[in-house]
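Overview (structure and organization)
Below are the chains, spelled out letter by letter.
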Amino acid sequence: MALRFHVHTYGCQMNVHDSQKVANLLHHEGMEQADDAGDADLLVINTCSIREKAEHRLYSDLGRLREWKRERPGRVLGVGGCVAQQEGDAVLRRFPHLDFVFGTHNLRLVPALVAAARDGTRATRVDETRSLDRFDLPERHPGFESGSPGRAFVTVMEGCDMFCSFCIVPRTRGREISRPANGILDEARALADAGVVELTLLGQTVNAYGRHDVRRGRTETVGTLAFAELLTALDAIPGVSRLRYTSPHPIFFDEALIRAHAELERLCPHVHLPLQSGSDRVLERMRRRYTADDFRRLADRLHAARPDLVLTSDLIVGFPGETEADFEHTLAVVRDVDLVDAYTFKYSPRPGTAAEDLPDSVAPEVAQERLERLQSQVRDQTLAYHRGRVGGTTEVLLLGASRRDTGALSGRDPQHRVVNLAAPPSGDAAPGTLLPVEIVDATPHSLIGLARPSAGPEDSLRDGLRLADEPRRMPAVA
Ligand code: 5AD
Ligand code: SF4
């Protein structure tokens with residue numbers, strides 16, 4: 001019987017995608033996916049170290065997995081991702097029931113590490129490489145299921161050279177490296193042929209794609225492009241109805257990328273644009289390389305290029321030295337740029353980062369109180385935006401059962417908002433397909449929609465999107 005594996009993922013979309021790559025490699029080895037660890041012979045944990053909490057959770061999970069190993073002889077346990085990259089052999093030494101550790105540049109070694117473990121050899125492989133080999137992964141195996149019908153991630157660059165003072169990613173993911181465009185386009189075409197309608201381009205600073213090669217005049221030798229040119233090439237692939245990218249850095253928006261938002265029909269009207277803080281003092285100490293006004297101007301230009309565009313963001317409260325006035329600047333920018341949603345975090349010191357030893361740490365209860373105020377403002381802004389959408393029409397990529405009601409379908413609109421259907425659509429609307437929807441209600445978490453009757457020729461979906469779904473700017477929230 002085929003060996004059964006399960007991959008458990010912590011952290012960001014990059015990790016989710018890395019887990020998919022590992023799963024695909026294991027399918028190519030003839031293994032089968034198990035829905036949960038209890039049914040698996042091989043368990044791979046893909047770890048995150050962006051904040052301390054995620055790291056602690058891994059260690060307590062690994063402790064508990066001693067029992068999992070004991071239950072069935074021959075079981076194999078591996079750990080990859082950012083904690084693995086950071087801690088290397090120390091994790092293997094600390095947990096004797098762990099069989100292998102692999103770093104963020106070593107996904108391709110997982111099958112060999114599994115084979116070695118089955119022969120009784122424990123190993124760590126966390127070597128960093130600047131080689132482009134790591135992008136050469138096999139095509140999707142017929143047995144592979146992403147769990148996300150109709151959607152797929154495509155890696156365009158990896159690593160980060162920005163060294164924001166709070167962030168461990170440059171240490172866990174290594175130096176910035178862009179993937180040759182041909183590989184990206186081939187993968188995108190293959191995904192489109194397999195029925196994928198929405199592609200999300202992934203990279204730690206995704207819009208920095210190709211910048212080092214552009215600057216050194218070597219795009220032709222390496223095979224990269226400027227990011228906006230890559231988007232233009234992807235936009236032309238038949239079958240790709242939606243293009244997204246995440247996460248961009250504010251300083252890498254050039255004129256061409258902003259214009260792409262006005263001109264490329266398939267480029268979705270949503271940008272997840274990490275702000276981190278709205279205070280210039282804090283931004284400087286975070287080494288973000290922009291000011292609050294730079295960010296405001298960028299938001300204005302994006303909204304001007306594409307009036308129905310939604311901005312979401314990442315925000316950190318309680319960075320060392322953050323005063324009440326600094327925090328209020330963050331609240332002000334969040335309001336001024338009409339953020340529709342945000343991931344909000346309390347600052348967590350990370351080993352080896354420039355901010356680790358900064359003085360003037362913010363008291364935990366103050367950080368907690370700021371987090372709650374920020375979340376409450378973001379919630380108000382989300383709800384106001386959602387309410388503004390009621391009565392409009394949109395197009396939803398159906399993804400599966402809604403979380404509110406297991407009988408109903410749910411999906412995402414072009415702005416990446418969750419749309420729950422209030423009633424099952426008639427016809428053959430299934431996960432992985434696009435459905436025209438009318439928005440009938442709004443909650444802080446989602447839009448509520450109803451499938452529209454099928455569009456006639458003079459009422460095509462695109463007309464509906466452009467005309468009926470009038471661009472709505474969010475009303476200001478006091
Ligand atoms: N503490 C808190 N939040 C952090 N992030 C990154 N590093 C830290 C840290 N040390 C947040 C940032 C980033 C998101 C992925 O995680 O907001 O954009
Ligand atoms: Fe971390 Fe900054 Fe790089 Fe983003 S740009 S991954 S926050 S160092």
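In what follows, the structure referred to is the one given above.
What this report covers is the structure whose coordinates are included nearby.

Rules used in this analysis
Residues numbered from 1 in each chain as written. Chains lettered and ligands numbered in written order. Predicted model: local features only at pLDDT ≥ 70, side-chain atom pairs only at ≥ 80, totals over all residues. Heavy atoms only, no water. Pairing = 2+ DSSP bridges. Helix = DSSP H or I, 4+ residues; strand = E, 2+ residues; numbered from the N terminus. Axes fitted to C-alpha atoms, helices over the stretch in contact; angles between N-to-C directions. Contact = heavy atoms within 4.5 Å. Near = heavy atom within 4 Å. Nonpolar A, V, L, I, M, F, W, Y, C, P; charged D, E, K, R; others polar. Salt bridge = Lys/Arg side-chain N within 4 Å of Asp/Glu carboxyl O. Buried < 20%, exposed > 50% of the residue type's maximum accessible area, 1.4 Å probe, protein only. Polar contact = N/O pair within 3.5 Å; in protein donor to acceptor, adjacent residues only side chain to side chain. Areas by Shrake-Rupley, 256 points an atom, 1.4 Å probe, with all protein chains shown as cover. Arc of directions from axis to C-beta.

A sheet is described by the order of its strands in space; here three strands give the open sequence β12-β13-β14, paired in parallel fashion. Each of the sheet's edge strands pairs with one partner strand only, and the pair in question is β12 (270-272) and β14 (341-346). Adjacent strand axes in the sheet meet at a mean angle of 10°, parallel and antiparallel pairs treated alike. Bridge count for β12 against strand β13 (residues 310-317) is three bridges, and the pairing is parallel. The residue of β13 that forms the bridge with V271 is L311. On the sheet, helix α15 (residues 364-389) packs against β13 and β14 and is oriented at approximately 175° with respect to β14.

This part is about the site of ligand 2. Residues in close proximity to ligand 2 include C160, M162, F163, C164, F166, C167, V169, P170, Q204, T205, H249 and R288, which together make up its full environment. Here the shell around ligand 2 is composed, by residue class, of eight nonpolar, three polar and one charged.

Attention now goes to the pattern of salt bridges. All chains considered together, the criterion is met by 33 salt bridges. A salt bridge links E67 to R70, with the shortest nitrogen-to-oxygen separation between them at 3.1 Å. Placement of both E67 and R70 in helix α2 (residues 52-71) is noted, with a separation of three residues, approximately one turn of the helix. With a relative accessible area of 58%, R70 lands in the exposed category. Between E328 and R373 there is a salt bridge, with its nearest N and O atoms 4.0 Å apart. Separated by 45 residues along the polypeptide, E328 in helix α14 (residues 324-336) and R373 in helix α15 bring together distant segments of the chain. A relative accessible area of 42% means that E328 is categorised as partly exposed.

With that settled, the discussion passes to the pairing of strand β15 (residues 393-401). Counting buried residues along β15, seven of its nine residues qualify, which places the element largely inside the surrounding structure. Pairing of β15 with strand β18 (residues 434-442), which is carried by five bridges, proceeds in the antiparallel orientation. Among the inter-strand pairings, T393 is bridged to a residue of β18, identified as E438. Across four bridges, the pairing between β15 and strand β16 (residues 409-412) is antiparallel. In the sheet register, L398 faces β16, and the bridge partner there is G411.

Bringing the environment of N182 into the picture now. With respect to the helices and strands, the residue N182 is situated in helix α7 (residues 181-193). Given the relative accessible area of 59%, N182 is considered exposed. In this structure, the C-alpha to C-alpha distance between N182 and G223, residues 41 residues apart in sequence, is 7.1 Å.

Moving on, we get to the pairing of strand β17 (residues 418-421). Pairing geometry for β16 and β17, over three bridges, is antiparallel. Residue pairing for β17: S410 is matched across the bridge by N420. Pairing geometry for β17 and strand β19 (residues 447-451), over three bridges, is parallel. Across the sheet, residue L421 finds its bridge partner in β19, namely G449.

So, about the site of ligand 1. Near ligand 1, the surroundings consist of I50, R51, F166, Q276, D314, I316, F345, K346, Y347, S348 and R350. Contacts to ligand 1 include Q276, whose side-chain N or O atom sits 2.6 Å from an oxygen atom. Here a nitrogen atom of ligand 1 and a backbone polar atom of S348 are 2.7 Å apart. In the complex, 87% of the free accessible area of ligand 1, which totals 400 Å², lies under the protein chains. Counting residues per element, the ones that place at least two in the shell around ligand 1 are β13 and β14. Residue composition of the shell around ligand 1, grouped by class: five nonpolar, two polar and four charged.

Of all the positions in helix α10 (residues 227-235), only F227, A228, L230, L231, L234 and D235 are classed as buried. The buried residues of α10 occupy an angular sector of 155° when the element is viewed end-on, so they sit on one face.

Moving on, we get to the environment of E395. For E395, the location among the structural elements is in strand β15. Take E395: its relative accessible area is 8%, and that puts it in the buried class. Along the primary structure E395 and V437 are separated by 42 residues, whereas in three dimensions their C-alpha atoms are 5.7 Å apart.

Another point: unusual backbone geometry. For residues that are not glycine, phi is negative in most cases, and the peptide bond is trans in most cases. Following T246, the chain continues into S247 via a peptide bond in cis, with omega recorded as -10°. Here S247 is to be found in the loop between β11 (242-246) and α11 (255-263). Even without a glycine there, the phi angle at D360 is positive, about 65°. As for its placement among the helices and strands, D360 is situated in the loop between β14 and α15. Here H416, not a glycine, exhibits a phi torsion of approximately 70°, which is positive.

Here three strands make up an open sheet; going across it, the order is β7-β10-β11 and the pairing parallel. Two strands bound the open sheet, and with one partner strand each, they are β7 (151-155) and β11. Ignoring which end each strand starts from, the neighbouring axes of this sheet average 25° apart. With five bridges connecting them, β7 and strand β10 (residues 198-202) associate as parallel partners. Its bridge partner lying in β10, A152 is registered against L199. Here α7 sits on the sheet and contacts β7 and β10; the angle it forms with β7, its principal contact strand, is near 170°. Across the sheet, α10 touches β10 and β11, and the angle it forms with β11 is around 155°.

Purely geometric numbers; function is a separate question.
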